[in-house]
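Chain and residue survey
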Amino acid sequence: MYTRLSVPRLRAATAGVLLIAGLAACSGSESAADTTEAATTTTKPKPTTTTAAATTTTKAPATTTSTTEPATTTTIPAVPVYPLTGVENPDPVIAARPALVVKIDNAPGARPQTGFNSADIVYEEIINDNFTRFALVFHSGGSNPVGPIRSGRLQDINLFTSYNHPLFAWSGGNVTVTNAINASELVNIGPSKAAVYFRSKDRKAPHNLYSNTDALWTKTPLYAPPATQQFSYRKADAAPAGTPSPGVAMGLDSIDVRWDWDAEQGLYLRTMEGKPHMDAGSGRVSTNNVVVLAMNYLPGISGSPDAQTVGEGEAFVLTGGNYIHATWSRPDTKVPFTLTADDGSIVLLQPGRTFIELPRVGSTIVLPPE
């Protein structure tokens, strides 16, 4: 059952919608990012090849004691997919590379950012000073350039360990965060480790640090493991579960966000602070799936909140124009989130891109059918 939203700003942004829970707020002060200016290096990826999996048909041998033709058994291999999108028939060379996580600024001076619509998965997390920061996870495609790139947080370690030793591109951090990143399974390819970053001249520091995903992938360690699948996907032509909903709205401390379903494009379109959220290179920020994971945040170092991404909580999944109420669960950092619908089934996403929002508990409104 829904109740009316009591926060004035979200009431104005989502007039007529029904409240699942109210907004929460947090404040703090950001520590300076540890950034190092470096030369840009761009390396073209090697030509790729595609190898089709063979189908094996095995016929059981006949015997003289039977007058019935023996049955034929056909073994059909599973169709390979890109692990972070569920899209079928991937290029095997690309599919074998690691995930690349790039931390992206969301301060007013950093907008518009570049790279959203080329990333397989995007996260938005609350940080200090009531702002949010993004993490763009690339695998099946890339963005040249990508940025502005900013510092990481301790919560990034728990959040991205499930990607199986992903490359981690960031501007740096304080000593505590840097030491923790270096000791984790994330592969630090920040400016202090890789000279593949540059400063844009069209905006002021610290909102002007960029790189290219082609250059960042050249820093892949030898024998780096491929990215691990994070979600389950339905067939591209299968109908979504759930009930119709035009979208979802939420507050991430001082940042108001709304996603609206565009049936003509088959995409969700993002609004931030009451305005269309634009990507400098590809237009309106969009996605195939919106996954909202309600988070408990505990106080972290330097006043930065720390999302508790191990355990379980409430989830709101928007896919194919439908809404699915679910529970997220995760026993430890090495495994992805499991999304379980209220009927006990595993939530299946539309193959394609996914945007993951991490608001505080009680800060999400699912828009009712019009």
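Preceding block: the structure.
Residues numbered from 1 in each chain as written. Predicted model: local features only at pLDDT ≥ 70, side-chain atom pairs only at ≥ 80, totals over all residues. Heavy atoms only, no water.

1. Some thoughts on the overall build of the chain
- Assigned secondary structure in the chain consists of five helices and 27 strands.
- When burial is assessed residue by residue, the chain has 49% of its 370 residues classed as buried.
- Restricting to contacts in the chain with at least 6 residues of sequence separation, those with at least 24 account for 66%.
- Counting every atom, the chain has about 16300 Å² of accessible surface; 55% of that belongs to carbon and sulfur. (Helix = DSSP H or I, 4+ residues; strand = E, 2+ residues; numbered from the N terminus. Buried < 20%, exposed > 50% of the residue type's maximum accessible area, 1.4 Å probe, protein only. Contact = heavy atoms within 4.5 Å. Areas by Shrake-Rupley, 256 points an atom, 1.4 Å probe, with all protein chains shown as cover.)

2. Observations regarding unusual backbone geometry
- In this structure, the amide linkage connecting R111 to the following residue, P112, adopts the cis form with an omega of -5 degrees.
- Along the chain, P112 turns up in the loop between β3 (100–104) and β4 (121–126).
- Put simply, N144 and P145 share a cis peptide bond, and its omega is 10 degrees.
- In this structure, P145 sits in the loop between β5 (132–138) and α3 (155–160).
- Here the phi dihedral of N130 falls at roughly 65 degrees; this positive angle occurs in a residue that is not glycine.
- Tracing the backbone shows N130 in the loop between β4 and β5.
- Positive phi outside glycine occurs at E273, with the angle close to 55 degrees.
- Within the secondary structure layout, E273 lies in the loop between β14 (267–272) and β15 (275–276).
- We classify E273 as partly exposed; its relative accessible area is 37%.

3. Observations regarding the side chain of D279
- Summarising the element assignment, D279 is placed in strand β16 (residues 278–279).
- R353 provides the closest opposite charge to the buried, unpaired D279, separated from it by 8.4 Å.
- A distance of 2.8 Å separates a polar side-chain atom of D279 from the backbone nitrogen of G115.
- Here S282 takes part through its backbone nitrogen, which lies 3.1 Å from a polar atom of the side chain of D279.
- Beyond its immediate stretch of four places on either side in the chain, D279 contacts P112, Q113, T114, G115, F116, N117 and V285. (Lys, Arg positive; Asp, Glu negative; His and termini not counted. Salt bridge = Lys/Arg side-chain N within 4 Å of Asp/Glu carboxyl O. Polar contact = N/O pair within 3.5 Å; in protein donor to acceptor, adjacent residues only side chain to side chain.)

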